[in-house]
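Geometric and topological summary
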Amino acid sequence: MTMKIWMAGLIALASASAGFAQEAPLPDDQAAMKAHVLFLASDALRGREAGSAEYRIAAEYVAAQFFAAGLKPAGDAGSYIQKVPLVTYRAADKGDVVLTGAGAGPRTLVFGEDYVPGAVASAAQTALDAPVVFVGYGLVAPNYRRDDYAGVDVRGKIVALFAGAPNSFQSEERAHFQSVATKAVIAAQHGAVGVVVLTRGPLPGSGAGFDRPRTTWARANGTGETVGAPVLATLSATGAAKLFAGGATPWSDIVKSAADREAVFRAERLGVSMAVSLKTAFEPMSSGNVAGMLPGSDPKLAKEVVVLSAHLDHLGVGRPDAKGDTIYNGAEDNAVGIASLIEEAKRFKASGKRPRRSILFLAVTAEEKGLVGSEYFAKHPTVPISSIVADVNLDMPILSYAFEDMTVFGADRSTLGPIVAQAVGTLGVTMSPDPDPAQGIFVRSDHYRFVQQGVPSVFLWPGQKGPGKAATAEFFAHRYHQPADDLSQPIDWAQGIRFVDANYAIARAIADGDARPRWNKGDFFGLLYNGYGAK
């Protein structure tokens, strides 16, 4: 070890331990929870960005804690770590987009003015030349009597569509449909070979940031995993006007209608072909999920697995804030969630009573990069996916106030709802509905990757009764994804223990229940992903 490395290590250790000397004594359970966060959210771990050396240290820490809690290794090759091959991909150049209409010569679109290129995760080079079909918002939603592909054949064609979904859709279903990723899947299901996204104004920053990095998990050939038709480009209003120049409906009429999210467009061929040439650059990196199993005690039910999940990663090091701080420590998001997961595992050990069903404690990577680690696990589980009967997800519980209720996203979609309500009720806590449905939180955290595999799932937050609303607003305004989400903020560790109490009661009730959780009959997500009980 060189003197330089040795000194750097001492500095990092001093940084990690600087807060310990100033801490007032706490009861043992609160001190144990806080100790996890003091380490995981320390400057020494530099924000735990997925793929970093510091994230690996955090993962090994969690693995050690799982061992101490009596969990069995449930990762790869008898370890606690499931390796997750990640790849960062980005547009390698500005690409080329050329329009050709009947009786007209080629028309090259202008980068930054007319379009910005997409980044295709599945290929280093993409070359397509196909007719373009306009499909409105690109939605197929029978429950809402909506089929934007009605009357057109898009097989072998490029579809042009708007992002977004009608406000009249139920909030969680709207969040699902407004995603361009969902629209790309629908396009592929109809045989389209590519997607072009339309906008009603200029491109932000005239295309600046077009080559921003994205992350997914890597395939064996070094490219990235993707589903759906590739998103080839995003067009500005000027680019869209050129695209619609030969269509039956003028772009001016389209853009007026598109101001209304409830608008229903008639699908039509635009009388133009689009030739697209794109290059995508890839950079591999490696990370890992941490998985520990508490085997069930019931000879039959032990084959069923309840997953308790939380994400371990955060944003790493980034732009400085007003104080010059560049480390995004992620104390609430989500070191507190991981600490809750560890302490929940210890509760089961301390109880001396194993659950009837097995429980898998899962700390996932790359949530901040698009729920990538949980998606990898859900598609490459270390236990049979058919054995997973529920997921309860812990992500960013805000613990700066005495919470009076629990918000449980997804509770009304499966029999997990009544189970959760009864469990938290024993603690004197009520269950409240989503306080801000427009945010579509249900599809924005790791539990959703289990939903997409048909697994009934819920996501828990301290609720917003009493002081909760103001405290939550303060966190999102000043700390969410900011360096200020660190140990300098007020965290009430007694509330952390209450949160662990609630989650332990929920997990115990699910694991010990006679019947496995099931989707409510006819539930949208249960039917969409062929979940147990939905039909």
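A quick note: this is a predicted structure, and the numbers were derived from the prediction, not measured.

**So, the overall build of the protein chain**
For the protein chain, the helix and strand inventory stands at 14 helices and 21 strands. Its C-alpha atoms give the protein chain a radius of gyration of 25 Å, near enough to 24 Å, the size a compact globule of 535 residues would have. On the principal axes, the C-alpha backbone points of the protein chain span a range of 80 × 60 × 45 Å. Buried residues in the protein chain amount to 52% of all 535 residues. Put simply, of all contacts in the protein chain between residues at least 6 apart along the chain, 82% involve residues at least 24 apart. For the protein chain, the accessible surface area stands at approximately 22,200 Å², while carbon and sulfur atoms represent 55% of it.

**Quick look at unusual backbone geometry**
Glycine aside, residues mostly have negative phi, and peptide bonds are mostly found in the trans state. Following D333, the chain continues to N334 via a peptide bond in cis, the omega torsion being 10°. Topologically, N334 is positioned in helix α8 (residues 331–351). We note that A366 has phi near 55°; this positive angle belongs to a residue other than glycine. Secondary-structure assignment places A366 in the loop between β17 (358–364) and α9 (372–379). With phi around 60°, M396 is a residue other than glycine that occupies positive phi space. Position of M396 among the secondary structure elements: in the loop between β18 (388–394) and β19 (405–409).

**Things to note about the pairing of strand β13 (residues 268–294)**
The side chains of a regular strand alternate, residue by residue, between the two faces of the sheet. Sheet analysis places strand β1 (residues 72–73) next to β13, joined by two bridges and oriented antiparallel. Directly across from K72, in β13, lies its bridge partner M293. Sheet analysis places strand β2 (residues 81–91) next to β13, joined by 11 bridges and oriented antiparallel. Residue Y89 lies in a different strand from β13, and its bridge partner there is F282. Strand direction decides the pairing type here: strand β3 (residues 96–101) and β13, joined by six bridges, are antiparallel. In the strand pairing of β13, V98 is matched with A275. Taken together, the five bridges between β13 and β17 define a ladder with antiparallel strand orientation. The residue of β17 that forms the bridge with M293 is L360.

**Focus: the nonpolar core**
As a rule of thumb, nonpolar side chains are buried together in soluble globular proteins. Counting residues in hydrophobic clusters, the biggest one holds 131 residues, and the most contacted among them are L198, L243, V290, L312 and F361. Tallying contributions element by element places helix α13 (residues 493–512) first for this core, with 11 residues. Among all residues touching L312, those that are not within four sequence positions of it are L40, R48, Y55, A58, A59, V62, V290, I338, A363 and V364. Counting residues in hydrophobic clusters, the runner-up holds 13 residues, among them A291, M293, L360 and I388.

**Focus: the packing of aromatic side chains**
Scanning the model with the defined rule gives 29 aromatic pairs in all. Between F134 and F265, the ring centres sit 5.4 Å apart and the planes meet at 75°, which makes this aromatic pair edge-to-face. You can see F134 sitting in strand β6 (residues 125–134) and its partner F265 sitting in the loop between α7 (251–258) and β13, a full 131 residues away along the chain. Classification of F265 as buried rests on a relative accessible area of 11%. Ring centres of F475 and F476 lie 5.9 Å apart, and the angle between their planes is 90°; on these two criteria the pair is classed as edge-to-face. Each residue in the set Y144, F169, F177, F442, Y448, F524 and F525 is aromatic and connected to the rest through ring pairs, giving one cluster. The positively charged end of R516 is found above the aromatic ring belonging to Y532, 4.1 Å away from the centroid. One residue, R518, lies across the ring of Y532, its end atom 5.0 Å from the ring centre.

**Some details on the pattern of salt bridges**
Scanning the entire structure with this criterion turns up 16 salt bridges. Across the pair D298 and R356 runs a salt bridge whose closest N-O atoms are separated by 3.4 Å. With D298 in the loop between β13 and β14 (305–311) and R356 in the loop between α8 and β17, the pair connects residues that are 58 residues apart, well separated along the chain. Owing to a relative accessible area of 18%, D298 belongs among the buried residues under this scheme. Between D523 and R413 there is a salt bridge, with the nearest N and O atoms lying 2.8 Å from each other. In this pair, D523 is assigned in the loop between α13 and α14 (524–528) and R413 in the loop between β19 and α10 (416–425), connecting sequence segments 110 residues apart.

**Looking at the packing of helix α2 (residues 28–40) against α8**
Running from N to C, α2 and α8 cross one another at 140°; their axes reach a closest spacing of 9 Å. Comparing the axis directions of α2 and α8 gives the class oblique. By crossing handedness, the relation of α2 to α8 is classed as right-handed. Residues A32, M33, H36, V37 and L40 of α2 form the contact with α8, whose participating residues are A331, A335, V336, I338, A339, S340, I342, E343 and K346. Of the residues that constitute the contact of α2 with α8, the class distribution is 10 nonpolar, two polar and two charged.

**A word on α10**
Listed in full, the buried residues belonging to α10 are L416, G417, V420, A423 and V424. On an axial view of α10, the arc spanned by its buried residues comes to 135°, and they lie on one face. For α10, the exposed residues set more than 90 degrees away from the buried face come down to P418 and Q422. Packing partners of the buried residues in α10 comprise β18, β19, β20 (430–432), β21 (457–462) and α13.

**Topic: the environment of G468**
One can find G468 in helix α12 (residues 468–478). Distance in space between the C-alpha atoms of G468 and A402 is 7.7 Å, their sequence separation being 66 residues. In this view, G468 contacts Y401 and G463; residues no more than four positions away in its chain are not counted.

**Some words on the side chain of T472**
Position of T472 among the secondary structure elements: in helix α12. Other than its neighbours up to four places away in sequence, T472 contacts I398, Y401 and Q464.

**Regarding the environment of A471**
Within the secondary structure, A471 is located in helix α12. Between the alpha carbons of A471 and V132 there is a distance of 49 Å; along the sequence they are 339 residues apart. Those residues in contact with A471, other than ones at most four positions away along the chain, are S400 and Y401.

Here is what the cut-offs are and how they apply
Residues numbered from 1 in each chain as written. Predicted model: local features only at pLDDT ≥ 70, side-chain atom pairs only at ≥ 80, totals over all residues. Heavy atoms only, no water. Helix = DSSP H or I, 4+ residues; strand = E, 2+ residues; numbered from the N terminus. Rg over C-alpha atoms; globule rule 2.2 N^0.38 Å. Buried < 20%, exposed > 50% of the residue type's maximum accessible area, 1.4 Å probe, protein only. Contact = heavy atoms within 4.5 Å. Areas by Shrake-Rupley, 256 points an atom, 1.4 Å probe, with all protein chains shown as cover. Pairing = 2+ DSSP bridges. Core = buried A, V, L, I, M, F, W, Y, C linked by side-chain atoms within 4.5 Å. Phe/Tyr/Trp six-rings, centres within 6.5 Å; stacked < 30°, edge-to-face > 60°. Lys NZ or Arg CZ within 6 Å of the ring centre and 35° of its normal. Salt bridge = Lys/Arg side-chain N within 4 Å of Asp/Glu carboxyl O. Axes fitted to C-alpha atoms, helices over the stretch in contact; angles between N-to-C directions. Parallel < 35°, antiparallel > 145°, perpendicular 65-115°, else oblique. Left-handed = near helix turned anticlockwise from the far one by under 90°. Nonpolar A, V, L, I, M, F, W, Y, C, P; charged D, E, K, R; others polar. Arc of directions from axis to C-beta.

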